[in-house]
Structures are given as structure tokens and as C-alpha cells.
Amino acid sequence: MALTNQTPEDQVQDIFNRIAPQYDQMNSVISLGTHRIWRQQVMNAMTLRPGDFALDLCCGTGDWTLSLAQAVGPAGQVVGLDFSDVMLQEASRKVRAAHLSDRITLRQGDAMHLPYPDNSFNVVTIGFGLRNVPDANQVLREMARVVKPGGQVVCLETSQPTNPVIHAGWQLYFGHVVPLMGRFAHHYQAYNYLQRSTHKFVTVTELATMFRTAGLQQVHYRQFNLGAAAVHLGTKPYLICFTA
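Residues numbered from 1 in each chain as written. Predicted model: local features only at pLDDT ≥ 70, side-chain atom pairs only at ≥ 80, totals over all residues. Heavy atoms only, no water.

Engineer: Explain empty space enclosed by the protein to me, using residue names and the numbers behind them.
Structural biologist: This structure, assessed with the given rule, holds 2 cavities of 30 Å³ or more. Volume-wise, the second largest cavity comes out at about 40 Å³. Along its surface, the second largest cavity is lined by Glu157, Thr158, Ser159, Phe201, Val202, Thr203, Val204, Leu207, Ala230 and His232. Listing elements by their share of the lining of the second largest cavity, those giving two or more residues are β5 (147-158), α9 (204-213) and β7 (229-235). Classifying every residue of the lining of the second largest cavity gives 5 nonpolar, 4 polar and 1 charged. (1 Å grid on protein atoms, 1.4 Å probe; cavity = no way out; pocket = protein on both sides within 12 Å on 5 of 7 lines; lining within 4 Å. Points joined across faces, edges and corners; volume = space filled by probe spheres on them. Helix = DSSP H or I, 4+ residues; strand = E, 2+ residues; numbered from the N terminus. Nonpolar A, V, L, I, M, F, W, Y, C, P; charged D, E, K, R; others polar.)

Given below as C-alpha cells:
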């Protein structure tokens, strides 16, 4: 399908719509099978409690949405939001299979303009999606806006190792091996886009600064796989002033 007449946002949406059925396998390949371990460790570090109301942005096929729903229990609610309706179809199948439809709502939407009032959620998460949005700072501002005072904003994302030797191997893997795997899987364009978005994304320290600029406090991060990925966590203070 030609993408020449599409906006960059439309091109990204088209890519994710086309790879949705293989997205879980792609994540496993790109992370060398460790992304589920990362996510579980992140869940253990979060302040999520039974009965909480959580929002999972760029939820994709719903893996993290399901984990959040299990954590909040029957008294809680989780919204999974994604701009790809095909991804949400995959997520919906998982939700039904897990018998969690009573506590999960899936919604198509734009992470940069969230359709929720201020102070709506106890926790807002985004997993492997922040590097794919047009304006990551705007998404972080929206996450900070809709989370409740005292609530947590959490981002799990690929990162760039700082050790020169590890970074060289990381560049080889993402720059050459990952796109080659995409060619064999007949999704070269998608794999190539994912590795390029990873290369262009900010460092862990830069992302921590972006969290603070969005108005979040107690910002800290933890790296995984020698810096190939990282989780950032921040808390919304009880008094916060947003400026235009």
C-alpha cells in the first residue's frame, strides 16, 4: 500500500494496523523475549491497588491492560486506549479470553488529546508507545493532567545503552538484524520503522527531565537489559499548575 499521500501520523497508524496480528511476536523478537519480564517488574514497582482506576495508553494488543486489570481486581476499572482499531480488535479477543470484560474498556483515541477530565485515574501507563507519537511532551502533559494528585505516571520504553561496547552491539542489532528479520517476515517497512523510532528516541536522563517538565515529581527510572529499555515513574503532586 502506498503511503505517499498520507501524513506521518497516518503512516504510523497504517503500519500498526497492518502488523497488529504479528505484533506480539514482533515484540518478543525485538526484545529477545524479555519484554514480559520487564512489564512484570514494572508492575511490582507501581503503586497500583485493588479498586483503582487505570488508563493504559497506546495499549496495542492489550498485554499491559490485562495485567493492570488483574491488579485492580473486580472493584477496579481499566481503560485501554489506542489509535489503531485493528490493534484494539486483537486486544478485545484477549480481554474476552481472560474473562475480564467487566473491568476493561477498550477505546480508540489520540494519546495527545485524551477524552477524559482532569484527575480521573489513579495510574496512567504507556508501554512502547511514547516514541511513536508525534509529540512525546504533549502526551506526558496529558498523562499528568488526567492522573489524580498523588497518582502515578509510568512509561516503559526502549532506550539507548550508554556503555560504548553495549551500544555498538545494540546499534548492530536494531540497525541491521531487526530490519532483516522484518524482511523475512514480510514486514520490512514495519520493523525498519520500529528500529528507526528506537534510535531517534531520547535518553533515559532526557526522558526523566521531560517527566519533570510535565509537572511530575519523585521521578525515577530503572534500566533493563544493560540499558536497552527503561521504565520511568513519576507522581503528580497535590498542587500543580499547568501553563499553556
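There's more to say after this.
Engineer: Before we move on, could you go through the packing of aromatic side chains and cite the residues and values that matter?
Structural biologist: Applying the stated criterion across every chain yields a total of 4 aromatic pairs. Note on phenylalanine 53 and phenylalanine 121: the rings are 4.6 Å apart at their centroids and 45° apart in plane angle, and the pair reads as tilted. A residue pair is termed long-range when its members are at least 10 positions apart, and phenylalanine 53 in strand β1 (residues 53-57) and phenylalanine 121 in strand β4 (residues 121-127) qualify at 68 residues. The exposure class of phenylalanine 53 is partly exposed, given its relative accessible area of 30%. For the ring pair tyrosine 116 and phenylalanine 121, a centre distance of 5.1 Å and an interplane angle of 90° mean the geometry is edge-to-face. Comparing tyrosine 116 with phenylalanine 121, the two get one shared label, buried. (Phe/Tyr/Trp six-rings, centres within 6.5 Å; stacked < 30°, edge-to-face > 60°. Buried < 20%, exposed > 50% of the residue type's maximum accessible area, 1.4 Å probe, protein only.)

Engineer: Can you break down the side chain of aspartate 56 residue by residue, with the values?
Structural biologist: With respect to the helices and strands, aspartate 56 occurs in strand β1. Buried and unpaired, aspartate 56 has no salt bridge, with arginine 39 as the nearest side chain of opposite charge at 7.0 Å. A distance of 2.8 Å separates a polar atom in the side chain of aspartate 56 from a polar atom in the side chain of threonine 125. (Lys, Arg positive; Asp, Glu negative; His and termini not counted. Salt bridge = Lys/Arg side-chain N within 4 Å of Asp/Glu carboxyl O. Polar contact = N/O pair within 3.5 Å; in protein donor to acceptor, adjacent residues only side chain to side chain.)

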